Amino acid sequence: MTAKIPAILSIVKQITYGFFLVYDLPRDVLERACDELTRLLEDNCIEPFIAAHLPIEEIVDAHRMVDDGKAIGNIVVTVQDSIV
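In every chain, residue numbers begin from 1 and rise along the written sequence. Given that this is a predicted model, residues contribute local features only at a pLDDT of at least 70 and side-chain atom pairs are listed and counted only at 80 or more, while totals for whole chains, interfaces and linings are drawn from all residues. The basis for every side-chain value is the complete set of non-hydrogen atoms in the structure, without hydrogens or water.

A.B. asks: Give a detailed account of the pairing of strand β2 (residues 74–78), specifying residues and quantitative values.
C.D. replies: In this structure, strand β1 (residues 50–55) lies alongside β2, joined through 5 bridges in parallel fashion. Note on β2: the bridge partner recorded for leucine 54 is valine 77. The handedness rule is simple: strands pointing away from the viewer, and a clockwise path from the first strand over the helix to the second, make the crossover right-handed. Counting from the N terminus, the helices are the DSSP runs of H or I reaching at least four residues and the strands are the DSSP runs of E reaching at least two. The parallel pair β1 and β2 is bridged by helix α3 (residues 59–67), and the resulting crossover is right-handed. Strands qualify as paired when DSSP identifies two bridges or more between them.

This is the structure in structure tokens:
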């Protein structure tokens, strides 16, 4: 997979990036990491970038946006309670 990172913006805003895979982490480490991320989000220390909000009916479009690299940020898919 290829990631597109806005180099100039990163330099100007002094943004640093860190990447790691969570799939192979021990369960206790993963839980602590989730707890810490939750705390950082609640304290407004980090803010996710939301590229789009789509209803579940547009899930195919959501996948296409990600697969085509057209989504810079997260895609939030809303599932209504009545569907679940």
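After that view of the structure, there is still more to cover.
A.B. asks: Can you tell me about helix α2 (residues 27–42), naming the residues and giving the values?
C.D. replies: A helix is expected to span 1.5 Å for every residue after the first. Here α2 is 16 residues long and its end C-alpha atoms lie 22 Å apart, about the 22 Å a rise of 1.5 Å per residue gives. Residue asparagine 44 follows α2 closely and has a positive phi angle near 60 degrees.

A.B. asks: How would you sum up the state of the cysteines? Please name residues and give values.
C.D. replies: The disulfide criterion is simple: two cysteine sulfur atoms within 2.5 Å. Per the counting criterion, the structure on display carries 0 disulfides. We note that cysteine 34 lacks a disulfide partner, and the nearest cysteine sulfur, in cysteine 45, lies 17 Å from it. Type-normalised accessible area, obtained with a 1.4 Å probe on protein chains alone, sets the label of each residue: buried when under 20%, exposed when over 50%, and partly exposed for intermediate values. Residue cysteine 34 is classed as partly exposed on the basis of its relative accessible area of 40%.

A.B. asks: So what's going on with the pattern of salt bridges? Residues and values would help.
C.D. replies: Salt bridges, as used here, are contacts in which a Lys or Arg side-chain nitrogen is within 4 Å of a carboxyl oxygen on Asp or Glu. Within this structure, the stated rule accounts for 5 salt bridges. The partner of aspartate 28 in a salt bridge is arginine 32, and the shortest N-O contact between them spans 3.3 Å. Remark: arginine 32 and aspartate 28 occur in helix α2; sequence separation between them is 4 residues, near one turn of the helix. Since its relative accessible area comes to 45%, aspartate 28 is described here as partly exposed. When its relative accessible area of 52% is taken as the criterion, arginine 32 is described as exposed. When the shortest N-O distance is used, the salt bridge between aspartate 61 and arginine 64 registers 3.7 Å. Of the two residues, aspartate 61 and arginine 64 are both situated in helix α3; the distance of 3 residues between them amounts to about one turn of the helix.

A.B. asks: Lay out a nonpolar patch on the surface with the relevant residues and their values.
C.D. replies: Nonpolar side chains (Val, Leu, Ile, Met, Phe, Trp, Tyr) are joined into patches within 5 Å and like charges within 9 Å, using only residues with over 30% relative accessible area and no salt bridge. All accessibility values rest on the Shrake-Rupley procedure with a 1.4 Å probe; residue burial counts only the protein chains present in the view. There is a patch of nonpolar side chains on the surface, built from Ile5, Leu9, Ile15, Tyr17 and Phe19 and spanning about 490 Å² of accessible area. Looking at the secondary structure, you find phenylalanine 19 in the loop between α1 (7–12) and α2. The class for phenylalanine 19 is exposed, based on a relative accessible area of 66%.

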